[in-house]
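The chain contents come next:
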Amino acid sequence: MQMRYRLIVLTIIVIAISFFSCMPASADKSFMASAGVIDLANWNPAVKKSIELMGEWKFKWMDDNPDFTLSGFNDAGWPDIMVPGFWNETTKTPFGYGWFRLKIINIPKLENLAIYLRDTHTAYKLYINSKEAIHNGNPAVFRKTTIPVQLPRIARLNGEEEITVALFIANHHHRYGGTDNAPVIGFYHDFKLRIWAMDIGQSIVTGIILMAALYHLFLWLGRKQNRANLYFTFLCFAIATWLFAAHSYLQMIFPEDNVFALRLRIEWISIVLGTISFFLFLRELYPDETPQFMINTVYGTSLLVIPSLILPIWESTHLTVLGQLIISVYAVWVLYIIIKAIIKKRKHAILMFTGISGFIFSLVTTMAATNISALTGLYLLQIPAGFIFLVIVQSTILSFRFIVAIRTAEYLSMDLQKEVNVKTRRIEKQNEQPNHMNDPKPYDFYELSTKIRTPSQKYTAQKDYNIQQIQKMIMDAMQSPATDRVDCIKKDKLRDKWHLTKREIDVVKLLLDGYYYKEISSKLNISINTLKPYISSIYKKCNVNNKIDLYNTLIKQPVSI
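All residue numbers refer to positions counted from 1 along the written sequence of the respective chain. Thresholds applied to this predicted model are a pLDDT of at least 70 for local features of residues and 80 or more for the giving and counting of side-chain atom pairs; totals over whole chains, interfaces and linings are not thresholded and use all residues. Hydrogens and water molecules were not included; the side-chain quantities draw on all heavy atoms of the structure.

Caption draft 1: Structural view of the overall build of the protein. Helix and strand counts for the protein come out as 21 helices and 13 strands. We call a residue buried when its accessible area falls under 20% of the maximum for its residue type, exposed when it is over 50%, and partly exposed in between, using a 1.4 Å probe and counting protein chains only. Buried positions account for 45% of the 561 residues belonging to the protein. Contact definition: two residues touch when any of their heavy atoms are within 4.5 Å. Once local pairs closer than 6 in sequence are excluded, the contacts in the protein between residues at least 24 apart make up 73%. Here the Shrake-Rupley method, with its probe set to 1.4 Å, supplies the accessible areas, and only the displayed protein chains count as covering residues. When the accessible surface of the protein is totalled, it reaches about 29900 Å², and 61% of it is carbon and sulfur. Labels follow the DSSP assignment, with helices taken as runs of H or I lasting at least four residues and strands as runs of E lasting at least two, numbered in each case from the N terminus.

Rendered as structure tokens:
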């Protein structure tokens, strides 16, 4: 029951976040443009520092005339269009160019007033009283000569009480044409501060994500068994790459170059790599809840990025709608996995649900602001905020996992060290022997003691030795120095009496010197299988059955050789 209540509470929180995040920013109706005119007579800059020039602007589609920039031009016959907004519904196509005109009257006589335009999807030029004030890229009537750029711009005002703003926008590359954001009138230094804060904020977010990537990369290098850290590293690098491209850092570096297509392709590649990395990361955390066919599905749909990289940018831009649909399905899929993990009481599942929910609804908000013209001014929960929230939550989870792993390894190491110490003391105790036991021993004692460790029946089956005879052989062997054995054996005796070959004589000498079969084969540079026939031949020629009999025959009675 307690788990069910938690799920209900989490669901309510998610719904509340979704509802409030998708509400458009409330606009001041007293400063809405109507029929191409906006009146700022009631504007008090001390209370409201800036005014968004939202509302009905005059609009002219697919026509270009220098007179459109003049303040006295009669645009009464032009239709109205909502700003901010897209012209797709009005023009039935995103590609083309158009003019926007707005007359601003009763402007307060204040210094340092300016017009600020955050960005659009493509290139534009903004004129104030027929004079070009700012431009973003190079807008043109033809695609080949249009260079789209997305950067914020500021144009100073000259203290006039009434101005006419003419905005020429050319879109030949993006699936949406028009104004993403309405121009804003306010103080120049406030706009500069806004741009500075936006740049600093984006840089901080990107830096934090890169530091998280490096942090988890080092964790993986320290403990390579935990692949979740490696996949999360790839995810962080993909997010940082997306932020680098989406915030137009490339455009800042190359302001006059056409890097619009490159920027969009970097965004698409980073999204695909990030999606794959995230699902692999999820598989490591919750393998039972993340089936393999889900990973295979992600791999398959990732191939859709190939047409986006091959086709011209104005054609491939339409595929982003399909990409957003796939990402939305994946988001629901991920929530399903996390909810299953919560029900099964997996570790950190609730914390994971919180991070995923925050990111998903920042994604939903941004997608809504991108695709719905009525929400183009919505910036309550943008993707960077969702990214940073997700990274912090996931880093917390992985850090917990790493700490648990380290503590477990520490305890195992302590237990293993205790066991090693016990075993070491036991072996040392078993190896504690008197000093005289470490002295060199005659071959016969070593050989016989080794043989006696086996049951005595093994020997009695070969020859009838009683206990007294074995004791006597041991005493005789101990009284016969090993250095005397070889000297008492004459090669000619062995060759003439026992008919041993030169190689058999070498084997006999090594046998009586106390070497084992493996050592003899190594010294004579032959294999064990080659040595065994020599041993059998020696026993047969000397009429013995084992090394003890061979000793008695060749060493104990050397005179008879």
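Caption draft 2: Layout of helix α7 (residues 292-302). Met294, Ile295, Val298 and Ser302 are the residues of α7 that are buried. Looking straight down α7, one finds that the buried residues subtend no more than 100° of arc, so they occupy a single side. Think of it as the arc spanned by the lines of direction from the helix axis to the C-beta atoms.

Caption draft 3: Molecular detail of the nonpolar core. Here the nonpolar core consists of buried residues drawn from Ala, Val, Leu, Ile, Met, Phe, Trp, Tyr and Cys, with membership extended through side-chain atoms lying within 4.5 Å. One finds Ile209, Phe281 and Met352 to be the most contacted residues of the largest nonpolar core, which totals 53 residues. When contributions to this core are tallied by element, the ones reaching two or more residues are α3 (188-222), α4 (227-246), α6 (260-285), α7, α10 (319-343), α11 (349-371) and α12 (383-430). For this core, the leading source of residues is α6, giving 11 residues. Membership of the second largest hydrophobic core comes to 33 residues, among which are Phe31, Ile107, Ala155 and Leu157.

Caption draft 4: Local environment of the environment of threonine 317. Looking at the secondary structure, you find threonine 317 in the loop between α9 (313-316) and α10. Along the sequence, threonine 317 and histidine 174 sit 143 residues apart, while their C-alpha atoms lie 6.1 Å from each other. Among all residues touching threonine 317, those that are not within four sequence positions of it are His173, His174, Arg175 and Trp268. Within the structure, the side chain of threonine 317 is placed 3.4 Å from the backbone nitrogen of arginine 175, a separation counted as a polar contact. In the analysis that follows, any N or O atom pair within 3.5 Å is treated as a polar contact, provided that within protein one partner can donate a hydrogen and the other can accept it, and provided that, for residues neighboring in sequence, both atoms belong to side chains.

Caption draft 5: Local environment of the sheet that holds strand β10 (residues 153-156). Overall, antiparallel pairing links the 4 strands, which are arranged β2-β13-β7-β10 in an open sheet. With one partner strand each, in any of the chains shown, β2 (51-52) and β10 form the two edges of the open sheet. Two strands pair if DSSP finds at least two bridges between them. Here 4 bridges tie strand β7 (residues 113-117) to strand β13 (residues 184-187), and the two strands are oriented antiparallel to one another. Paired with tyrosine 116 across the two strands is valine 184, which belongs to β13.

Caption draft 6: Summary view of unusual backbone geometry. Put simply, valine 83 and proline 84 share a cis peptide bond, and its omega is 0°. You can see proline 84 is positioned in the loop between β4 (80-83) and β5 (85-86). A positive phi angle, near 55°, is found at methionine 62, a position not held by glycine. Along the chain, the position of methionine 62 falls in the loop between β3 (55-61) and β4.

Caption draft 7: Local environment of the packing of aromatic side chains. Ring pairs are drawn from Phe, Tyr and Trp, using the six-membered ring of Trp, whenever the two centres fall within 6.5 Å, and their geometry is named by plane angle: stacked under 30 degrees, edge-to-face over 60, tilted for the rest. Across all of its chains, the model carries 21 aromatic pairs by this definition. Centroid distance tryptophan 87 to phenylalanine 100: 6.3 Å. Interplanar angle 20°. Geometry classified as stacked. Within this pair, whereas tryptophan 87 is found in the loop between β5 and α2 (88-91), its partner phenylalanine 100 is found in strand β6 (residues 96-105), the two being separated by 13 residues in sequence. A single burial state applies to tryptophan 87 and to phenylalanine 100, both of which are buried. Pairwise contacts between aromatic rings join Phe68, Phe73, Trp78, Tyr97, Trp99, Tyr127 and Phe168 into one cluster. Geometry around tryptophan 314 places arginine 143 over its ring, the cationic atom sitting 4.3 Å from the centre. Geometrically, a charge over a ring is one whose NZ (Lys) or CZ (Arg) sits within 6 Å of the ring centre while staying within 35 degrees of the ring normal.

Caption draft 8: Here's a closer look at the packing of α6 against α7. At their nearest, the axes of α6 and α7 sit 10 Å apart, and the two run at 175° to each other. Classified by the angle their axes make, α6 and α7 are roughly antiparallel. Contact residues: Val272, Thr275, Ile276, Phe279, Leu280 and Arg283 in α6; Gln292, Met294, Ile295, Val298, Tyr299 and Ser302 in α7. Among the residues forming the contact of α6 with α7, the class breakdown is 8 nonpolar, 3 polar and 1 charged. Note on geometry: axes are C-alpha line fits, over the in-contact stretch for helices, and angles between N-to-C directions span 0 to 180 degrees. Just so you know how the angles are binned, under 35 degrees is roughly parallel, over 145 roughly antiparallel, 65 to 115 roughly perpendicular, and the rest oblique. Each residue gets one label: Ala, Val, Leu, Ile, Met, Phe, Trp, Tyr, Cys and Pro are nonpolar, Asp, Glu, Lys and Arg are charged, and the others, such as Gly, are polar.

Caption draft 9: Just the environment of leucine 512, in detail. Among the secondary structure elements, leucine 512 is positioned in helix α18 (residues 502-512). The buried category is assigned to leucine 512, whose relative accessible area is 4%. Considered as a pair, leucine 512 and leucine 554 are 42 residues apart in the sequence and their alpha carbons are 9.2 Å apart.

Caption draft 10: Local environment of the side chain of lysine 58. Within the element layout of this structure, lysine 58 appears in strand β3. Engagement of the side chain of lysine 58 in a polar contact is seen with the backbone oxygen of tryptophan 78, the distance being 3.2 Å. With sequence-adjacent residues up to four places away left out, lysine 58 is seen in contact with Ala35, Gly36, Asp75, Ala76, Trp78, Pro79, Asp80, Trp99, Phe100 and Arg101.

Caption draft 11: Quick peek at the packing of helix α19 (residues 517-524) against helix α20 (residues 528-542). Running from amino to carboxyl end, α19 crosses α20 at an angle of 110°, the nearest separation of the two axes being 10 Å. Classified by the angle between their axes, α19 and α20 sit roughly perpendicular to one another. In contact with Tyr517, Lys518, Ile520 and Ser521 of α19, α20 contributes Ile528, Leu531, Ile535 and Tyr539. Here the residues of the contact of α19 with α20 sort into 6 nonpolar, 1 polar and 1 charged.

As far as function goes, none of this settles anything; it's purely spatial.
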